[in-house]
Amino acid sequence: MNAFDWDAVGEALPLLLEGFRVTLLATVLGTLVAAVLGLAIAVAGRAPSRLVTVPVKAVMEFIRSTPLLVQLVGAAALFTSVEPLTIGIVVLGVHYATYTSEVYRAGIDGVPKGQWEACRALSLSPRRTWQAVILPQAVRNVLPALGNYAISMFKETPFLAVITVQEMVFEARKYGADHFAYTEAFTLAGLVFLVASYPTSLLMRKLEKRLGH
Amino acid sequence: MSDFLSTLVDEFPQVRAGLWVTLQATVLGSLLALLLSFTLGLMAGSKLLLVRGVSRTVVEFFRGTSLYIQLFWLYYAMPQLTGYELTPVVCGVVAFGLNYGAYGSEIVRGAINSVPRAQYEAAVALNMSPFHRMRKVILPQAWVQMIPSFTNLLIQLLKCTPLLWLISAADLMTVVQQIRDRTGETLTAYLTLLAAYFVLAYALTLLMNLLERSAKRRLGLHTGTRSLLRTRSAEAATTAGGAR
């Protein structure tokens, strides 16, 4: 049993912040994948043919109800030649795309029916209908929800440490093991998460209010 | 039959033990989370600033510091700091309970606030005590609203239980990975594991749907049998916005 060692905190902080850059990178790129793929899935889910919509929905349901950690570790074990960070970003992105696609779907459903009818009346092509009429209205409504998913993804990036991505928690574990100072390393890592995510979530709440949710 | 699947069958007692650990952590963790959800959620509605403040601080703390860190802190840091050691499964239960309890308290708070104001006023007019009012009027109505969101949290919690593998509890993931290491069939092993979690998630959803139906019945609302089979993850994803 030993007390909290402040020297260890000072020593560990630079290492953790180094890892934090990887954490942020994974969050930003993962969110990007989730935002783009989620939109594609939401649009595919509205395809006229059931041959498209039923399999898409089944796969989404499966990915959504199975653990991210198993998906990550499984993907890393299968694709050993791919860089862990790339696997991490793709798996995070795909997993969260199954959430964001539902958010987009709700956003698209929220566009009044008259907008679709007007597009038909103007004989806009499907492409123009989506691009110029439906999506601009749908996406605006879903921005806060997407932001909230980015925050939750941020808090799940430590999973990447398991597949040897050298993000913040990986560094914390390493420092903890090397110096037998788990207390300091993990406390610090937790505080970094809190300091980064709390203001962001307040910001999202403000955005939600402004957009009138 | 493939090597992996035959080994899986041969090692059935071990797999069952792993499944049991996973289920234990899920059920006990969610019970602790439920308890905390109500405690913190009801505290959030208090008239006293201090009580509200304590609830808010605890909730933001456990939501803001990643679950992963909380689990590792309990497992690695707490013994170093206090000399007191918890078994891995207990670590899991406590970490899952605290983290999801914080999320759940927002569900409780939101559901209580969504009960129409007139219901409070009517209960006050009938001279009900605050406890009686909560117990007989507000909570039965709020409870129905909470169940779908709780279902979603329960599935999320189940999906976090493979973390137990990292703190060396012999859960389902650990056992299946051991069999995979012996047979070398990576794809089959992980697909089986995913399928197992999918089945567990669906089974839990069905149970929660039954619970929701009985809660609705008590309010005189009746639902069709078909609604029992639906999954919740999709609709919950769209409403999860504020709860992050």
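Just so we're clear, the structure is a prediction, and the values are computed from it rather than from any experiment. (Residues numbered from 1 in each chain as written. Chains lettered and ligands numbered in written order. Predicted model: local features only at pLDDT ≥ 70, side-chain atom pairs only at ≥ 80, totals over all residues.)

Remarks on the overall build of chain A
In step 1: Counting secondary structure elements, chain A contains eight helices and zero strands.
In step 2: In chain A, the order of α-helices and β-strands from amino to carboxyl end is α-α-α-α-α-α-α-α.
In step 3: With the principal axes as the frame, chain A shows a C-alpha extent of 75 × 40 × 25 Å.
In step 4: A buried classification covers 44% of the 213 residues belonging to chain A.
In step 5: Taking all contacts inside chain A whose residues are at least 6 apart in sequence as the whole, residues at least 24 apart take part in 80%. (Helix = DSSP H or I, 4+ residues; strand = E, 2+ residues; numbered from the N terminus. Buried ≥ 20, exposed ≤ 12 C-beta atoms within 10 Å, placed from the backbone. Contact = placed C-beta atoms within 7 Å.)

Description of the overall build of chain B
In step 1: Of regular secondary structure, chain B possesses 10 helices and zero strands.
In step 2: Overall, chain B shows an N-to-C arrangement of helices and strands of α-α-α-α-α-α-α-α-α-α.
In step 3: In terms of its C-alpha atoms, chain B occupies a principal-axis envelope of roughly 70 × 50 × 30 Å.
In step 4: For chain B, buried positions account for 41% of its 244 residues.

Examining the confidence of the model for chain B
Residues and elements named next belong to chain B.
In step 1: Predicted confidence across chain B gives a mean pLDDT of 89, with 94% of residues reaching 70 or more.
In step 2: Scored below 50 in pLDDT, residues 238-244 makes 15 contacts in the model with residues more than four places away or belonging to other chains.
In step 3: For this predicted complex, the interface confidence reaches an ipTM of 0.87, while the overall pTM sits at 0.89. (pLDDT = per-residue confidence, 0-100.)

Looking at the UniProt feature "transmembrane region" (unreviewed entry) in chain B
In step 1: What UniProt calls "transmembrane region" (unreviewed entry) maps, in this numbering, to residues 20-45, 142-167 and 187-211 of chain B.
In step 2: Annotated as residues 20-45 of chain B, this span is 92% helix and 0% strand, and its ends, taken at the C-alpha atoms, are 37 Å apart. (UniProt positions renumbered as here; feature names shortened; annotations may be inferred.)

Points about helix 4 (residues 67-82) of chain B
Owing to its 3.6 residues per turn, the α-helix aligns residues three or four sequence positions apart on the same side.
In step 1: Taken as a whole, helix 4 of chain B carries its principal kink of about 40° at B:Trp73.
In step 2: Residues of helix 4 of chain B that are buried: B:Leu67, B:Tyr68, B:Ile69, B:Gln70, B:Leu71, B:Phe72, B:Trp73, B:Leu74, B:Tyr75, B:Tyr76 and B:Ala77.
In step 3: On the buried face of helix 4 of chain B, the contacting elements are helix 7 (168-179) and helix 8 (182-210) of chain A together with helix 5 (88-114) and helix 7 (130-160) of chain B. (Bend = angle between axes of the 7 residues up to and from the residue.)

Examining the confidence of the model for chain A
In step 1: Across chain A, the average pLDDT comes to 90, with 98% of residues at 70 or higher.
In step 2: The secondary structure element of chain A with the lowest average pLDDT is helix 8 of chain A, at 88, and the one with the highest is helix 3 (residues 68-78) of chain A, at 95.

Concerning the interface of chain A and chain B
In step 1: Contact with chain A, which involves 41 residues of that partner, is made by 37 residues of chain B.
In step 2: Of all the secondary-structure elements, those providing two or more residues to the side of chain A that touches chain B are helix 2 (50-64), helix 3, helix 4 (84-109), helix 6 (126-156), helix 7 and helix 8 of chain A.
In step 3: Take the side of chain A that touches chain B: its biggest share by element is 12 residues, from helix 8 of chain A.
In step 4: Across the side of chain A that touches chain B, the residue classes tally to 24 nonpolar, 12 polar and five charged. (Nonpolar A, V, L, I, M, F, W, Y, C, P; charged D, E, K, R; others polar.)

What about the environment of B:Trp73?
In step 1: With respect to the secondary-structure elements, B:Trp73 resides in helix 4.
In step 2: A count of 21 C-beta atoms within 10 Å places B:Trp73 in the buried class.
In step 3: As for B:Trp73 and B:Cys91, which are separated by 18 residues in sequence, their C-alpha atoms are 9.3 Å apart.
In step 4: With residues near it in sequence (within four places) discarded, B:Trp73 still touches A:Phe186, A:Thr187, A:Gly190 and B:Met78.

Focus: the UniProt feature "transmembrane region" (unreviewed entry) in chain A
Residues and elements named next belong to chain A.
In step 1: In the numbering used here, UniProt assigns the "transmembrane region" (unreviewed entry) feature to residues 20-47, 68-94 and 185-204.
In step 2: Its end C-alpha atoms 40 Å apart, residues 20-47 is made of 89% helix and 0% strand.
In step 3: Between the first and last C-alpha atoms of residues 185-204 the distance is 29 Å; the span itself is 100% helix and 0% strand.

A word on unusual backbone geometry
In step 1: In this structure, A:Phe180 takes a positive phi of about 50° despite not being glycine.
In step 2: Examined against the element boundaries, A:Phe180 turns out to sit in the loop between helix 7 and helix 8.
In step 3: The class for A:Phe180 is exposed, based on 12 C-beta atoms found within 10 Å.
In step 4: Notably, B:Asn127 is not glycine yet its phi reads approximately 60°, a positive angle.
In step 5: Summarising the element assignment, B:Asn127 is placed in the loop between helix 6 (117-125) and helix 7.
In step 6: Among the residues examined, B:Asn127 registers 8 C-beta atoms within 10 Å and is labelled exposed.

Structural notes on the UniProt feature "domain: ABC transmembrane type-1" (unreviewed entry) in chain A
In step 1: Those places that UniProt annotates as "domain: ABC transmembrane type-1" (unreviewed entry) correspond, in this numbering, to residues 20-204 of chain A.
In step 2: As annotated, residues 20-204 of chain A comprises 82% helix and 0% strand, and the C-alpha atoms at either end are separated by 21 Å.

With respect to helix 7 of chain A
In step 1: Counted at 1.5 Å a residue, the expected span for helix 7 of chain A with its 12 residues is 16 Å, and the 16 Å between its end C-alpha atoms agrees.
In step 2: Looking only at helix 7 of chain A, the buried set comprises A:Met168, A:Val169, A:Phe170, A:Glu171, A:Ala172, A:Arg173, A:Tyr175 and A:Gly176.
In step 3: Residues of helix 7 of chain A that are buried make contact with helix 1 (6-44) and helix 8 of chain A together with helix 4 of chain B.
In step 4: Positive phi shows up at A:Phe180, right after helix 7 of chain A, with a value of about 50°. (Expected span 1.5 Å × (residues − 1).)

Describing the nonpolar core
In step 1: Judged by nonpolar contacts, the single largest core of 118 residues is most densely connected at A:Ala185, A:Phe186, A:Ala189 and B:Leu71.
In step 2: When neighbours within four sequence positions are excluded, B:Leu71 is seen to be in contact with B:Cys91, B:Gly92, B:Ala95, B:Leu163 and B:Ile167. (Core = buried A, V, L, I, M, F, W, Y, C linked by C-beta atoms within 7 Å.)

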